[in-house]
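# Overview (structure and organization)
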Protein chains: 2
Amino acid sequence: MKLKLIAALLAATMATPALADVLIDNVEGLTIDENGKVLRFTGIVVDDQGKVAKVLQRGDKKPQTDYREDGKGRVMIPGLIDAHAHVMGVGIAALTLDLSDTNSLAEALEKIRKFAADNEARPWILGRGWNQEKWGLGRFPTAAELDSAVADRPVYLERVDGHAGWANSMALKAAGITTATKNPDGGRVERLAGSQVPSGVFVDNATRLMETAIPAPRPNERDLAFAEAQKVLHRLGITAAADMGTSIEDWQAYRRAGDNGSLTLRIMAYAGGPQNMELIAGSRPTPWLYDDKLRMNGIKLYLDGALGSRGAWLKQPYSDDPKNTGLPLTAPAQLRNILVRAAQGNFQPAIHAIGDAANAEALNAIGEIAESFPGDRRWRIEHAQIVDPADLPKFAKDGIIASMQPVHQTSDRLMAEARLGPNRLDGAYAWNTILQLGGKLAFGSDAPVESADPFAGMAAASTRMDADGQPFGGWRPQDRVTREQALAGFTSDAAYAGFAEGRFGRLLPGERADFVLVDHDPLLATPADLRATKVLETWVGGRKVYDAD
Amino acid sequence: MKLKLIAALLAATMATPALADVLIDNVEGLTIDENGKVLRFTGIVVDDQGKVAKVLQRGDKKPQTDYREDGKGRVMIPGLIDAHAHVMGVGIAALTLDLSDTNSLAEALEKIRKFAADNEARPWILGRGWNQEKWGLGRFPTAAELDSAVADRPVYLERVDGHAGWANSMALKAAGITTATKNPDGGRVERLAGSQVPSGVFVDNATRLMETAIPAPRPNERDLAFAEAQKVLHRLGITAAADMGTSIEDWQAYRRAGDNGSLTLRIMAYAGGPQNMELIAGSRPTPWLYDDKLRMNGIKLYLDGALGSRGAWLKQPYSDDPKNTGLPLTAPAQLRNILVRAAQGNFQPAIHAIGDAANAEALNAIGEIAESFPGDRRWRIEHAQIVDPADLPKFAKDGIIASMQPVHQTSDRLMAEARLGPNRLDGAYAWNTILQLGGKLAFGSDAPVESADPFAGMAAASTRMDADGQPFGGWRPQDRVTREQALAGFTSDAAYAGFAEGRFGRLLPGERADFVLVDHDPLLATPADLRATKVLETWVGGRKVYDAD
């Protein structure tokens, strides 16, 4: 029975004539419906195109189908959608060596040696997560120590906080690092005791000296990374993602997967800048490709940096750096020029804006241009972290979607308090306020900057407490959203933000049968249980793409 | 009836369930068959996938089909395949201004003015074909004269022979040309009488000064150019082409056409160099996409230049330039390295080799590598114009396909005699000799360098006489091929050279229904009639893409 079912479902995903309809019942199902309300159901029928044909309620007569799968009473929710991720980055991060679980230098060196041996084809060994404090080393490790593990290829490993990197001798050579190499502004090249000889560790801005030497991933490495990204995301219940900053190289990898039938993640792509947008899509967004699995929707733009590095552009100086307001990365005329070019081609702009000045500029620029480009544009501001309360109504006014990442709030709250002081937090991560003002939200993770786990995202969104339950009662709890709004943010609203409503994001007739079977009802579980939700199975287009067993 | 038929055929090209089978009968049909022989027939049945379902012989019972189209006794041949073309180049050339029919400077200026007005969106006006001798001007034209036609945008126009170019003032400015600009080696910047002021005309190598200033076509311009290329080729009866030197920009335009359903030309793509190959296809050739309409087959490499500019690499010096042997553009180790990388990924290499030294090097390099990469590789040498007779057997030995362009022989014969002298012509354009030695041919045009017209190609292949019937009896007539071999070179053999046999190139059951209705039987027409063949209709995958009416 099971083999037959899989065969039927496999066939259903291909453009060949149908083999069979499938009933999946005995589930505790829930979805957001057309009106934004929660609809509960007990089963679905998936048609021969991998779409939902019917949603069954308790007491409905069981329909005649070719096959039936018993849901065994598990909870069925729509496939989760990450409205802001870096898909290729997730895969590349998954393919690099993770040293965060090592407890000594010796243990780390052994793990590095083994990783290099297991990955002979890789020209560079890259990794992250080491921490000499945790190792009890009392000093930074050295290139010579790293050479003892791997000497035949360059190795470069980021420290756990991303603020330092550790290179072996071949990596130093590849980067042209010598005793003559000077410390850059804001950075330090560590030296061997009593000499000018670089020791192998680079701190803060000095890490750039190494990073620029690392070759860009080759196309076959991107193919591997993308396959890994799909695995990582499906394991977390994610069936679709907005890819923020798609390069031509990324796009080609997605297309290769689509062409050879291995594309299982639905990708709403936002090109990294105007050149990528034009090169990929020409003068219009692409159609939906591969049965609604890939579309170039629009363009990702950077208007400012981040709070952590004080690159976010603020209206008033940083509380912890009174001479600095951050700065815009895109000049006013250039921003408007790109927005107009995008709008002329019906491309959807997604503007990265973190500080209140950046958000004001993004909202105002869109406001000016929206008059010339009426219609359903779905302008997006990505992050929208710190917004002057006076600017918050502008989201609703021009139909601008606030694409936000709930976990950033829980990760960044102490830093945000330090950067902004106590009097500029009213528009900080203001999810509920934006909704109450009539605006629209979409939720995502910013993975791999944060974990892609959408259950952590939903928990943060509905509690404004972190994984440790801090702060008790939630940080500025008036801006938390309901469980239903959190689920919508990661399903139907994220689909809407990518022009995908009606295609996927809800378990309703005519939409793609993308769903997840989980062990807790996300609307009823305790915050701790919601966070700990176990994804049992993930299905895309009526086909199983992940099974925890 | 006609509308219904079109609806049926349109539907047949989509991935939706079938609407109808179609009978096209009352034709004088001919195709190359599985054995390389000519098969004559009276009709075909096209199935709901746009493939040939049945080939009818005289006296066969007429099958039951949903629709019937009367061929009205016209000649039906397989869609013609150009085994060596620059598809985007054909389109770009078709979009530029053609001044070759102008008889005076005034007439040319009027045509330029009108073209600029008709093409307001183009940032540069580009053209070709002017000839101040034909105009009776007695001197070169000037930038000021060109300004009188177009002053709001840069204009650059190639002379009829490609050895000079004419710019307006905005183009001079864009290229940074001033009185201080020096003549480059092998080139001359024309000056106004009695001064150092550039006049606007650039001769020979000086044309590079202008050419580097012309911006690359934008993606939307490429989309336009590609649409134009399809029209130009279909009008000539061409339904498929090997695209030699596909860039990522070209590839994206082909995909956009495929994605939006406007791809009607079958393209076997050979990437322009290793970077394009990897970026487009990753580690393997792409699958056949869009119902056998697009595949990245392999890689195009340049081993030498051309005879005309004495860049072709010869074993002995040029007869008309005794100190020069031309030179290799790719070093031996680099050539072998690229061939190995391509072969490892099952990419098909297509090596441009014109001179006898280049052909020897290509044949030898493939010979060395072929031992390590057995199997059906179909190594290709493009042009293979001048081959040392001692090297000719190597084509057959390693299954190397000679991809040749018959019209080059008729265009270049006098120049070839001058460059090579009388004693090095035995292996020149040696089509029949290669066949007799057991080698394989594929025929193409090198368009837009030559016209893409395959009937001119078939006439040249089977007569070795040019359009004026010169030289009478044919140039080195022992190397002409039969009419049947000429047709195979532009159909079944060109398909084989692109790993497309069984998919298209013959009108046999299971192959795509790509065919042309013409007014002369290419196997029976006089050479003059063959050359003058009128394409009445062109069909791709059972769908009409060109109709002369």
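Residues numbered from 1 in each chain as written. Chains lettered and ligands numbered in written order. Predicted model: local features only at pLDDT ≥ 70, side-chain atom pairs only at ≥ 80, totals over all residues.

### Focus on the overall build of chain A
On a plain count of helices and strands, chain A comes out with 18 helices and 22 strands. For 549 residues, the compact-globule estimate of 2.2 N^0.38 gives 24 Å, and the C-alpha radius of gyration of chain A, at 24 Å, lies within 12% of that figure. Overall size of chain A, expressed as C-alpha extent along the three principal axes, is 85 × 55 × 50 Å. By the burial criterion, 52% of the 549 residues in chain A qualify as buried. Long-range contacts, defined here as pairs at least 24 residues apart, represent 71% of the contacts in chain A between residues at least 6 apart. (Helix = DSSP H or I, 4+ residues; strand = E, 2+ residues; numbered from the N terminus. Rg over C-alpha atoms; globule rule 2.2 N^0.38 Å. Buried ≥ 20, exposed ≤ 12 C-beta atoms within 10 Å, placed from the backbone. Contact = placed C-beta atoms within 7 Å.)

### Looking at helix α11 (residues 356–370) of chain A
Given 3.6 residues to a turn, an α-helix orients residues that are three or four positions apart in the same direction. Residues and elements named next belong to chain A. Here α11 contains 15 residues, and its C-alpha end-to-end distance of 20 Å stays within 8% of the 21 Å for a straight helix at 1.5 Å per residue. Within the span of α11, buried status applies to Asp356, Ala357, Ala358, Asn359, Glu361, Ala362, Leu363, Ala365 and Ile366. Close packing links the buried residues of α11 with α10 (332–344), β16 (348–353), β17 (380–383) and α12 (393–397). (Expected span 1.5 Å × (residues − 1).)

### Overview of the pairing of strand β1 (residues 22–32) of chain A
Residues and elements named next belong to chain A. Across the 11 residues of β1, 9 count as buried, placing the element largely inside the fold. Across 4 bridges, the pairing between β1 and strand β4 (residues 67–70) is parallel. Residue pairing in the sheet places valine 22 in a bridge with tyrosine 67 of β4. Sheet topology places β1 next to strand β2 (residues 38–46); 8 bridges connect them, and they run antiparallel. (Pairing = 2+ DSSP bridges.)

### Digging into the relation of the copies chain A and chain B
The transformation that overlays chain A on chain B combines an axial shift of 0.1 Å with a rotation of 180°, and the residual RMSD is 0.1 Å. One copy is carried onto the other by what is essentially a two-fold rotation axis. A shared binding surface is used by both copies, with 100% of the interface residues of chain A retained as interface residues in chain B. (Least-squares fit on C-alpha atoms with pLDDT ≥ 70 in both.)

### Let's talk about the sheet that holds strand β19 (residues 440–443) of chain A
All names here are of chain A. In space, the 8 strands of this open sheet follow the order β6-β13-β14-β15-β16-β17-β18-β19, with parallel pairing throughout. Taken across any chain shown, the strands that pair with only one partner, and hence form the sheet edges, are β6 (80–85) and β19. Put simply, the sheet's adjacent strands are angled 25° from each other on average, direction ignored. The pairing of β17 with strand β18 (residues 401–404) spans 3 bridges and is classified as parallel. Bridge pairing links glutamate 382 to serine 403 in β18. (Axes fitted to C-alpha atoms, helices over the stretch in contact; angles between N-to-C directions.)

### Looking at the domain arrangement of chain A
Interfaces are often sized by the amount of accessible area the parts lose when they come together. Per the domain assignment, the segments making up chain A are domain 1 (124–212) and domain 2 (219–546). Look at where the C-alpha atoms of domain 1 of chain A and domain 2 of chain A centre, and you get two points 34 Å apart. (Domains from an automatic or database assignment.)

### Here's the deal with the sheet that holds strand β11 (residues 187–191) of chain B
All names here are of chain B. On the basis of which strands lie adjacent, the open sheet formed by 6 strands has the order β7-β8-β9-β10-β12-β11 and mixed pairing. The sheet terminates laterally at β7 (97–98) and β11, the two strands that pair on one side only. By the bridge criterion, 5 bridges tie strand β8 (residues 125–130) to strand β9 (residues 155–159) in an arrangement that is parallel. In the strand pairing of β9, glycine 127 is matched with leucine 157. Sheet contacts for helix α3 (residues 105–118): β7, β8 and β9; angle to β8, the most-contacted strand, approximately 155°.

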